[in-house]
Amino acid sequence: MTKIDSELAKFVPGSDLSVMAAAGLRAELIFAVPSILQENPELVGYYRLLLGYSQKQFYGRDSGFGVGHFKSMEEKGRIGATAFADIEDMCEALCAAASQLLRGLKDFDLEISKGGLEDLSLLTLGPQLRGGANNSRGSLGITQVFDVIEDIVGHARLPGEEEDTSRITVKSATGRSVIIRFAADPDIVIQEEVLPGKYLNAVAIEVKSGTDASNIHNRIGEAEKSHQKARREGYAECWTVINVGGLDMDKAYAESPTTNHFFTLANLMRKEGQEFENFRSRLLSAVSIAAKPEN
């Protein structure tokens with residue numbers, strides 16, 4: 001249990017662990033951690049059903065999740081090399097979704113019990129609660145993009161700002177401070193301080209993390225409106241992060257001509273591959289710092 005407990009502490013907010021403990025339940029009943037899935041790979045199916053996802057929604061090529069390589073765990077009890085390398089990222093995403101589910105149970109004033117959790121894997125209440133947390137998902141997507149950004153530039157963060165979770169300040173190659181922070185509209189902004197209290201608006205980032213492919217074009221339209229506002233405020237670059245795979249990019253750029261670059265959330269969170277490297281390169285250029293040194 002020691003290893004499981006240490007992994008739970010790593011992937012799960014302390015407040016969620018307290019809720020489970022108060023209910024007299026082990027947290028791994030709802031929160032997936034690597035050692036459990038490595039011991040019994042087929043349990044990924046339990047967590048998938050608990051969260052209310054069908055196999056098509058979860059593993060499908062167009063789902064935007066990018067977890068198709070985990071399907072053999074559920075169906076064959078086998079962990080491939082790629083899945084093994086990504087299992088921590090998988091558990092981090094599952095735990096984030098489970099936190100939303102736990103909040104949904106509390107919001108609906110439902111009893112948190114072992115039997116109740118098991119029933120969720122069989123009934124349709126999981127999708128209902130998950131659907132009721134669309135706003136939370138949107139906030140989560142923005143936070144996930146910010147976390148990816150922090151992983152790329154965090155090594156250059158100015159001393160004394162480590163505890164500030166709402167912004168990242170780095171010193172650029174020009175000696176100026178560059179601030180990356182959450183904003184209301186757009187979602188994340190990058191600004192360079194050219195004079196004390198005077199900022200050059202560099203990059204505006206809109207995050208549309210909904211997974212409904214039928215609604216993605218409306219979301220892109222919303223991003224376009226935000227980016228038009230950002231252009232009026234002098235932002236030089238506008239980026240849009242979406243959470244739907246297999247999108248016709250020519251159509252996407254036509255629907256949001258103000259967007260300079262589109263990125264897919266799942267590919268950014270994977271932290272490898274051509275799209276992530278493109279995002280990483282553009283981000284480092286925008287803040288004018290060198291990449292994190294290799295270990």
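Per chain, residues are indexed from 1 in the order of the written sequence. With pLDDT at 70 or above as the cut-off, local features in this predicted model cover only qualifying residues; side-chain atom pairs require 80 or more to be listed or tallied, and sums for whole chains, interfaces and linings still use all residues. As a rule here, side-chain values come from all non-hydrogen atoms in the structure, and water together with hydrogens is ignored.

Draft legend 1. The environment of Thr 82, seen in detail. With respect to the helices, strands and loops of the structure, Thr 82 is situated in helix H7 (residues 81-107). Buried means the residue's accessible area, taken with a 1.4 Å probe over protein chains only, is under 20% of the maximum for its type, while exposed means over 50%, and partly exposed covers the values in between. Using a relative accessible area of 46% as the deciding quantity, one classes Thr 82 as partly exposed. To qualify as a helix, a DSSP run of H or I must reach at least 4 residues; to qualify as a strand, a run of E must reach at least 2; elements of each kind are numbered from the N terminus.

Draft legend 2. View of the packing of aromatic side chains. Put simply, two rings from Phe, Tyr or Trp (the six-membered ring, in Trp's case) pair if the centres are within 6.5 Å, and we call them stacked under 30 degrees between planes, edge-to-face over 60, tilted for the rest. Overall, the coordinates contain 7 aromatic pairs when judged by the stated rule. For the ring pair Phe 263 and Phe 279, a centre distance of 5.0 Å and an interplane angle of 85 degrees mean the geometry is edge-to-face. On the criterion of sequence distance, the pair formed by Phe 263 in strand E6 (residues 261-264) and Phe 279 in helix H14 (residues 274-287) is long-range, its members being 16 residues apart. The structure contains a cluster of three or more aromatic residues connected by ring pairs, namely Trp 239, Phe 263 and Phe 279.

Draft legend 3. How the structure looks around helix H11 (residues 216-232). Multiplying one less than the number of residues by 1.5 Å gives the expected span of a helix. Here H11 spans 25 Å end to end across 17 residues, near enough to the 24 Å set by a 1.5 Å rise per residue. When H11 is considered as a whole, its buried residues turn out to be Ile 216, Ile 220, Ala 223, Glu 224, Ser 226, His 227 and Ala 230. Lining the buried residues of H11 we find strand E4 (198-208), strand E5 (237-242), helix H12 (249-255) and E6. Just beyond H11, the residue with positive phi is Gly 234, at close to 95 degrees. We call two residues in contact whenever any of their non-hydrogen atoms come within 4.5 Å of each other.

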